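Observations on the three-dimensional arrangement
The primary structure of each chain is shown beneath.
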Amino acid sequence: MKAVHKRNLTVLALIVFLAVLAIEHRSKAEPKAVAVLQQQAEPETGAYAGLRAPSFILQEGDKQYEVGGAREKAVMLNFWASWCDPCQQEAPELNKLAMKYSDVLDIYGINVTSQDYKPNAERFVKKYMLAFPVMYDLKGQIFDKYNGAVFPTNVLIDKKGVISEIILGVLTAEELEQKIIALTGS
């Protein structure tokens, strides 16, 4: 029995010795390179804050307006309807903001014509002398892309093309201006 016991101790000692060697070798091995800066993947597209804004192109007259991807200025999409009282309250303030921040912000008025009557929308534009481009979403496809539910809906998009915020309903002029300042850094 003593010979078996000695052999078992010898095998155990050998296993411990090999384990110690393996651990020591691992600790002396060259450290693996660790990536400090990794290229960040593009955010996915969707109608939520933090995602890339769904892209679209709307033609109005001889001009074409495009949203989607990086751009020189931040953009605010204002979805509205002529019958919407809050939209009527907001229109003069949007004009002021469009002129004040024209160097850093594009405001695009998008009439959701599928839920409006285009001649009424055209009268709205004239009545409020809108100082920013107005487009007509005839079938409501753009409004649907942005999960539109109420009027007005304002979508703030940064220069990288990422949605910063979606505002449902009307804000005070001061609140909206603060959000524009935060968006544009102005």
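Structure: see above.
These numbers come from a predicted model, not from an experiment.

1. Quick notes on the overall build of the protein chain
- Across its full length, the protein chain carries five helices and seven strands.
- Along its sequence from the N terminus, the protein chain presents helices and strands in the succession α-β-β-β-α-β-α-β-α-β-β-α.
- Here the protein chain, with 186 residues, has 37% of them falling under the buried criterion.
- Of the roughly 12100 Å² of accessible surface on the protein chain, 56% is carried by carbon and sulfur atoms.

2. A short note on the packing of aromatic side chains
- Taken as a whole and judged by the stated rule, the model has eight aromatic pairs.
- Ring geometry for F56 against Y146: centres 6.2 Å apart, planes inclined by 90°, an arrangement best described as edge-to-face. With F56 in strand β1 (residues 56-60) and Y146 in the loop between α4 (141-145) and β6 (153-157), this pair connects stretches of sequence that are 90 residues apart. This pair shows no difference in class: F56 is buried, exactly as Y146 is.
- Between F124 and Y128, the ring centres sit 4.8 Å apart and the planes meet at 50°, which makes this aromatic pair tilted.
- Y128 sits in the buried class, given a relative accessible area of 16%.
- Three or more aromatic residues link up through ring pairs in this structure, and these residues are F56, F79, W83, F143, Y146 and F151.

3. A word on the side chain of N78
- Inspection of the secondary structure puts N78 in strand β3 (residues 74-80).
- There is a polar contact of 2.9 Å between the side chain of N78 and the side chain of E90.

4. Remarks on the state of the cysteines
- Tallied over the entire structure, the rule returns one disulfide.
- What pairs with C84 in a disulfide is C87, and their sulfur atoms sit 2.5 Å apart. For the disulfide bridge between C84 and C87, the dihedral angle about the S-S bond is near 80°, and by the sign convention the bridge is right-handed. The same class applies to C84 and to C87, which are both buried.

5. Quick notes on the sheet that holds strand β5 (residues 134-136)
- Taking strand neighbours across the sheet as the criterion, the five strands line up as β5-β4-β3-β6-β7 in an open arrangement whose pairing is mixed. If you trace the sheet from one side to the other, it starts and ends with β5 and β7 (163-168), each paired once. Averaged over all pairs of adjacent strands, the angle between strand axes in this sheet comes to 20°, irrespective of strand direction.
- Direction of pairing for β3 relative to β6: antiparallel, over a ladder of five bridges.

6. Quick notes on the pattern of salt bridges
- Taken as a whole, this structure holds five salt bridges when the rule is applied.
- Across the salt bridge formed by K73 and D106, the nearest N and O atoms sit 3.4 Å from each other. Of this pair, K73 sits in the loop between β2 (63-67) and β3 while D106 is found in strand β4 (residues 105-111), placing the two residues 33 residues apart along the sequence.
- Where salt bridges share partners, they join R71, K73 and D106 into one cluster.

Each value, and the rule that gives it
- Residues numbered from 1 in each chain as written.
- Predicted model: local features only at pLDDT ≥ 70, side-chain atom pairs only at ≥ 80, totals over all residues.
- Heavy atoms only, no water.
- Helix = DSSP H or I, 4+ residues; strand = E, 2+ residues; numbered from the N terminus.
- Buried < 20%, exposed > 50% of the residue type's maximum accessible area, 1.4 Å probe, protein only.
- Areas by Shrake-Rupley, 256 points an atom, 1.4 Å probe, with all protein chains shown as cover.
- Phe/Tyr/Trp six-rings, centres within 6.5 Å; stacked < 30°, edge-to-face > 60°.
- Polar contact = N/O pair within 3.5 Å; in protein donor to acceptor, adjacent residues only side chain to side chain.
- Disulfide = S-S within 2.5 Å.
- Pairing = 2+ DSSP bridges.
- Axes fitted to C-alpha atoms, helices over the stretch in contact; angles between N-to-C directions.
- Salt bridge = Lys/Arg side-chain N within 4 Å of Asp/Glu carboxyl O.

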